[in-house]
Amino acid sequence: MNNPILSVIIPIRTTENYDIIERITFKKRDIPKSDIEFILVNDGSNKEDSLKIEKICTENNIKYVYIDSQDKHFSLARARNKGVQTARGRYVLIEDVDFLPYIGFYDDIVDEINLFELDKKTEDFIVIPCIFLSKNASKDFILDNSRIHAKKIIQKYLEYDINYFENGIPAGSLLVMSRHHYLSIGGQNEAFSRWGFEDHEFAERLLQFSCKFPEPKNKMAYKDTIYGEYTSYEGFRARYRLYGDIVAAQGIYAFHMHHPISSAFRSPKIRQENKNIFNQCIQKMTQNEYYLSPLIDPYRGRTCVTSKNPFIYNRELLPFYGDIFFFDDALHTKEEFYDFICKNGINRVIMQNPYSKDKKLEIYNYLKSKNIECIVGERGALPGSVYFDKTGFCCESSLYDESIWDRELSAEEIESVYKYIQDYKQSGISLEKQSPCVSGKILRNENDIAENQKILFVPFQTRKDATVNYFAGKIKNYDIFINLVNEVQKQLPADWVLCYKNHPLEPNTIDIPGSICLDKYHINDILEASNMVLLMNSGCGILSLLYNVPVLHTATAQYDNYNFNRYICTAEEVIKYCETPFIVNHEKAIRFLFYLIFKFYSFAINVYQHRPGKPDSWPVRLIFQRIIFPDCPSISYSRKKEDAIWRKSILFDRYRIFLNAIEAEKKKAKTKVTVSQAVTPPRVTPTKDTSSKEKTPPAHYIESKIVKFFTNASKYKKYEKNREAFFMESKYTILKTYFNLNK
């Protein structure tokens, strides 16, 4: 079993309180249909117990991992992290040895992975609600862990029959998530000792990435109360609970078998120490959600990263690299570089655009000559695209070969390409900063280009462009290309007009006499209006496919293909194709685009920051939406806050009064603003100061609204008169507790 869908992680250390070893076999009481592996992590049990544990694991086909930590306190975080690193599954279930699954539990979890669409939303996670069974109920469930028995216990739990359970946790430490995401965010925090707040910190961190539920009020605040008393959508736990509630609503629970509690493991002193650590972590988290170092994926070997350029150094990428070594390609010779790689047993080198500097290129070529795998990470031709290519940079790559992408597409795949094209055209996004879109028709009108005139568009690249200088091909160099464009302008047929656009980052602009400069127009409007494109090897050769416009390229281009472009180098050839245009093979173009968009390119949101002396178009950070990395499964993120589950969902019913009160306040405030803007203020005359008599809103405004809603007039009057007496004289313990926490 090499690539299971799910890995179940079970941390353990034996204790004198009860026989924990016999519980190892609990997991095998459910025989899932899905491909699932079980990993038991023994965090420092004594030698005698460890031998017993290993033997049971071997007999039950459970992968066994031992951590030599007898000189340290038991650490759930350390054990879980080791388990996830050992795991082969795409997803991991963080479990506990004391949980006994009902028959069908693990298949239900796999179903939830699919229902939650974790393959498209790597940042999301699933929380499994837990029922802690009583001693007698535990004995019964060990004898019969059938689904119907599980349903009976859930029924008794909902009826609050305490003969069956001791406690219930709507959202605790049992959760399912992407292994890749777990590694990239640094796993669980090993700074916590024994028990207390380690799960809260991890939950808080997971919520920084997930957008499944909307952010609550004071989203990072910790409210020290039990889940049953949560009625306000405030603080991170109010939101975290919903991840368990949505699973509970489908009848999926984990069942914890009764055992004695170790006072040494859960002492108030340890809990307070861990709470202090938790508060420190929250402060760090507000500055950087990635404040922990990523965990190493031991199956990915070792990678040498040559710079911290965001295209190759990014937290979402790091799990692909395994054990990471830094060696700056600007500070060392090729021989030093090769020696460093050999001494450290490095499997691959990742570089951003090796052609950007001569020294970098020298190292790159030398390493390839020594059969060292070099992966190039660079910006692609489509907006937001990034590629990771182990066969070479841009034009030298073999991954654009027609044999790779030319296959018949399904109707759904074709539709996905059309949707991308539609979204692209509507969005107005581009690789570089552009003027706002106006439409191709307006562009023609503003430049007196008649509808029956054809536009030959020339997008100039920058002189420093690596593809211009190293892959000039037939045209040989940039200046010869400019001469070619001038020559074409002189010979152009009467029904054609030559338009050109300088690259936004090129300081020395080019002027082509007799032609129309379109520097002030968006590239999309130009392509929409164009009938043919003439270029060296610009990315516009791919953008043109989105508009079904034929391309004449004069330099070596990765998109060279007779189905949708022609490789030429003379003015005569350009004129020939103007007089007798060729037609883009639309079917082939769609196939090529599908391959680029969904099988080759990664996509990310670029975060820009102005830096003195640097172009604003170069990002300082990438927030990936999809990652396609060589020899690894693709990873997709959603990150769309607008897609969060709406607050009208039944899941928010426990918070309904709180949310309605907040909404009412917003409407009230909005109404006041509208009225004050609509009415002309009267002339103000001096009056006596009456501010002390003005009525101020109560200190516990939302609370007062809730009390008024649920009580009669006399009780509410008592509340207004003496808030403390109202709560402390109540027969309900929960109200007294609430008051003590919210004085």
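Residues numbered from 1 in each chain as written. Predicted model: local features only at pLDDT ≥ 70, side-chain atom pairs only at ≥ 80, totals over all residues. Heavy atoms only, no water.

Observations concerning the overall build of the protein
For the record, the criterion: Secondary structure elements are defined from DSSP: runs of H or I of at least 4 residues count as helices, runs of E of at least 2 residues count as strands, and each element is numbered from the N terminus. Exposure is judged per residue with a 1.4 Å probe applied to protein chains only, and the accessible area is read against the type maximum: over 50% gives exposed, under 20% gives buried, and values in between give partly exposed. Contacts between residues were defined by any pair of non-hydrogen atoms, one from each residue, lying within 4.5 Å. What sets the accessible areas is the Shrake-Rupley method with a 1.4 Å probe; for residues, cover comes only from the shown protein chains. Positive charges are assigned to Lys and Arg, negative charges to Asp and Glu, while His and the chain termini are left out of the count. By convention, the point assigned to a charge is CZ for Arg, NZ for Lys, CD for Glu and CG for Asp.
Of the regular secondary structure elements, the protein holds 26 helices and 24 strands. Dimensions of the protein along its principal axes, counting C-alpha atoms only, are 95 × 90 × 50 Å. Here the protein holds 743 residues, and the buried ones make up 52% of them. For the protein, contacts bridging at least 24 residues in sequence account for 70% of all contacts bridging at least 6. For the protein, the computed accessible surface area is about 36300 Å², with 51% contributed by carbon and sulfur atoms. Side chains of the protein give 102 positive and 94 negative charges; the mean places of these two sets differ by 7 Å.

A few points about the nonpolar core
The criterion, for reference: The term nonpolar core refers to a set of buried residues drawn from Ala, Val, Leu, Ile, Met, Phe, Trp, Tyr and Cys, joined through side-chain atoms within 4.5 Å.
Counting 99 residues, the largest nonpolar core has Ile24, Ile128 and Phe255 as its most contacted members. Residue contributions to this core peak at 8 residues, all from helix H8 (residues 236-248). When neighbours within four sequence positions are excluded, isoleucine 128 is seen to be in contact with Leu93, Phe105, Ile109, Leu174, Val176, Val247, Tyr253 and Ala254.

Comments concerning unusual backbone geometry
The backbone of serine 439 shows a phi angle near 110°, a positive value even though the residue is not glycine. Tracing the backbone through its elements, the reader meets serine 439 in the loop between helix H14 (411-427) and helix H15 (440-446). With a relative accessible area of 23%, serine 439 lands in the partly exposed category. Positioned with a positive phi, aspartate 631 is a non-glycine residue whose angle comes to about 65°.

Concerning the pairing of strand S7 (residues 130-133)
Looking along a regular strand, one sees side chains alternate from face to face of the sheet. Let me state the cut-off plainly: One requirement defines pairing of two strands: DSSP has to find at least two bridges between them.
Both S7 and strand S8 (residues 165-169) contribute to a ladder of 4 bridges, which runs antiparallel. Paired with isoleucine 131 across the bridge in S8 is glycine 168. Bridge analysis of S7 against strand S10 (residues 254-256) gives 3 bridges, and the strand direction is parallel. From the neighbouring strand, cysteine 130 faces S10, where its bridge partner is alanine 254.

Some remarks on the sheet that holds S8
Note on sheets: strands pair through backbone hydrogen bonds, and any given pair is parallel or antiparallel. To keep things clear, this is the line we draw: Every axis corresponds to a line fitted to the C-alpha atoms, with the helix fit spanning only the stretch in contact, and the corresponding angles, defined between N-to-C directions, vary from 0 to 180 degrees.
Here 4 strands make up an open sheet; going across it, the order is S5-S10-S7-S8 and the pairing mixed. What marks the edges here is a single partner per strand, and that holds for strand S5 (99-100) and S8. Contacts from helix H4 (residues 135-143) reach S5, S7, S8 and S10, with the element oriented near 105° to S7. Here helix H5 (residues 147-158) sits on the sheet in contact with S7, S8 and S10, set at roughly 85° to S8.

Some remarks on the pairing of strand S16 (residues 454-459)
By the criterion of burial, S16 is predominantly enclosed, with 5 of the 6 residues buried. Inspection of the sheet shows S16 paired to strand S17 (residues 496-501) by 6 bridges, in the parallel sense. By the bridge assignment for S17, phenylalanine 457 is matched with cysteine 499. Of the pairings in the sheet, the one linking S16 to strand S19 (residues 532-535) comprises 2 bridges and is parallel in character. If you follow phenylalanine 457 over to S19, its bridge partner there is valine 533.

Describing the packing of aromatic side chains
Working definition: an aromatic ring pair is given by the centre-to-centre distance plus the angle between the planes. The condition is simple: Geometry of aromatic contacts follows a simple scheme: Phe, Tyr and Trp rings, the Trp one being its six-membered ring, pair when their centres are within 6.5 Å, and the pair is stacked under 30 degrees between planes, edge-to-face over 60, tilted otherwise.
Under the defined criterion, the tally for this structure stands at 52 aromatic pairs. For the pair phenylalanine 325 and phenylalanine 340, a centre-to-centre distance of 6.3 Å together with 75° between the ring planes defines the contact as edge-to-face. In this pair, phenylalanine 325 is assigned in strand S12 (residues 323-326) and phenylalanine 340 in helix H11 (residues 334-343), connecting sequence segments 15 residues apart. Residue phenylalanine 325 is classed as buried on the basis of its relative accessible area of 17%.

Notes on the environment of valine 41
When you line up the elements, valine 41 lands in strand S2 (residues 36-43). Residues valine 41 and isoleucine 9, spaced 32 residues apart in sequence, show a C-alpha to C-alpha distance of 7.4 Å. Valine 41 has contacts with Ile9, Ile10, Pro11, Ile12, Val65, Ile67, Ala79, Lys82 and Gly83, leaving out every residue within four places of it along the chain.

Some details on the packing of helix H7 (residues 198-207) against helix H9 (residues 268-287)
Each pair of packed helices gets described by two things: the angle between the helix axes and the distance between those axes. Formally: Oblique is the label for any angle not under 35 degrees, not over 145, and not in the 65 to 115 range, which are roughly parallel, roughly antiparallel and roughly perpendicular in turn. Helix crossings fall into two classes, left-handed where the near helix is turned counterclockwise from the far one by less than a right angle and right-handed where it is turned clockwise. The nonpolar class holds Ala, Val, Leu, Ile, Met, Phe, Trp, Tyr, Cys and Pro. Asp, Glu, Lys and Arg form the charged class, and all remaining residues, Gly among them, are polar.
It is the contact of H7 with H9, at a shortest axis distance of 10 Å, that shows an interaxial angle of 15°. With respect to each other, H7 and H9 are oriented roughly parallel. Note that H7 runs across H9; the crossing there is right-handed. Taken together, the residues of H9 that come into contact with H7 (itself represented by His200, Glu201, Glu204 and Arg205) are Phe278, Cys281, Ile282 and Met285. Considered class by class, the residues forming the contact of H7 with H9 number 4 nonpolar, 1 polar and 3 charged.

Re the state of the cysteines
Note the threshold: To count as a disulfide, a pair of cysteine sulfur atoms needs to be within 2.5 Å.
For the structure on display, the rule yields 0 disulfides. Unpaired in terms of disulfides, cysteine 304 finds its nearest cysteine sulfur in cysteine 374, a separation of 9.4 Å. Overall, the relative accessible area of 0% leaves cysteine 304 in the buried class.

Details of the pattern of salt bridges
Keep this limit in mind: Counted as salt bridges are all cases of a side-chain nitrogen of Lys or Arg within 4 Å of a carboxyl oxygen of Asp or Glu.
With the rule as written, the count across this model stands at 35 salt bridges. Arginine 656 is the partner of aspartate 653 in a salt bridge, and the nearest nitrogen-oxygen pair spans 2.8 Å. By sharing partners, the salt bridges in this structure join Glu402, Asp406, Glu587, Lys588 and Arg591 into a single network.

Quick word on the sheet that holds strand S22 (residues 602-607)
Ordered by their spatial adjacency, 8 strands build an open sheet running S12-S11-S13-S14-S15-S22-S23-S24, and the pairing between neighbours is mixed. Edge strands, defined here as strands with exactly one partner in the open sheet, are S12 and strand S24 (635-636). Judged from the 4 bridges that link them, strand S14 (residues 373-379) and strand S15 (residues 385-389) form a sheet pairing that is antiparallel. Its bridge partner being in S15, valine 376 is matched across the sheet by aspartate 389.

Some details on helix H17 (residues 478-491)
Residues spaced three or four apart along an α-helix face the same direction, because each turn holds 3.6 residues. Rule in force here: What a helix is expected to span follows from its residue count: subtract one and scale by 1.5 Å. The directions from the helix axis to the C-beta atoms form the arc being described.
If you check H17, its first and last C-alpha atoms are 20 Å apart, about what 14 residues at 1.5 Å a residue would give, namely 20 Å. Those residues of H17 not exposed but buried are Tyr478, Phe481, Ile482, Leu484, Val485, Val488 and Gln489. Seen from one end, H17 has its buried residues packed into an arc of 155°, which puts them on one side. Where H17 is buried, its residues meet S16, helix H16 (466-470), S17, S19 and helix H20 (571-579).

Side note on the environment of glutamate 451
Note that glutamate 451 resides in the loop between H15 and S16. Through-space distance from the C-alpha of glutamate 451 to that of lysine 441 is 8.6 Å; in sequence the pair is 10 residues apart.

Thoughts on the packing of H17 against H20
Where H17 meets H20, the closest approach of the two axes is 9 Å, and the angle between their N-to-C directions is 45°. Judged by the angle between their axes, H17 and H20 are oblique. In this structure, H17 crosses over H20, and the sense of that crossing is right-handed. When H17 is examined against H20, the residues Leu484, Glu487, Val488 and Gln491 are found in contact with a partner set consisting of Ala571, Glu572, Val574 and Ile575.

Topic: the side chain of lysine 212
Examined against the element boundaries, lysine 212 turns out to sit in the loop between H7 and H8. When neighbours within four sequence positions are excluded, lysine 212 is seen to be in contact with Phe116, Asp124, Tyr243, Ile246, Ala644 and Ile645.

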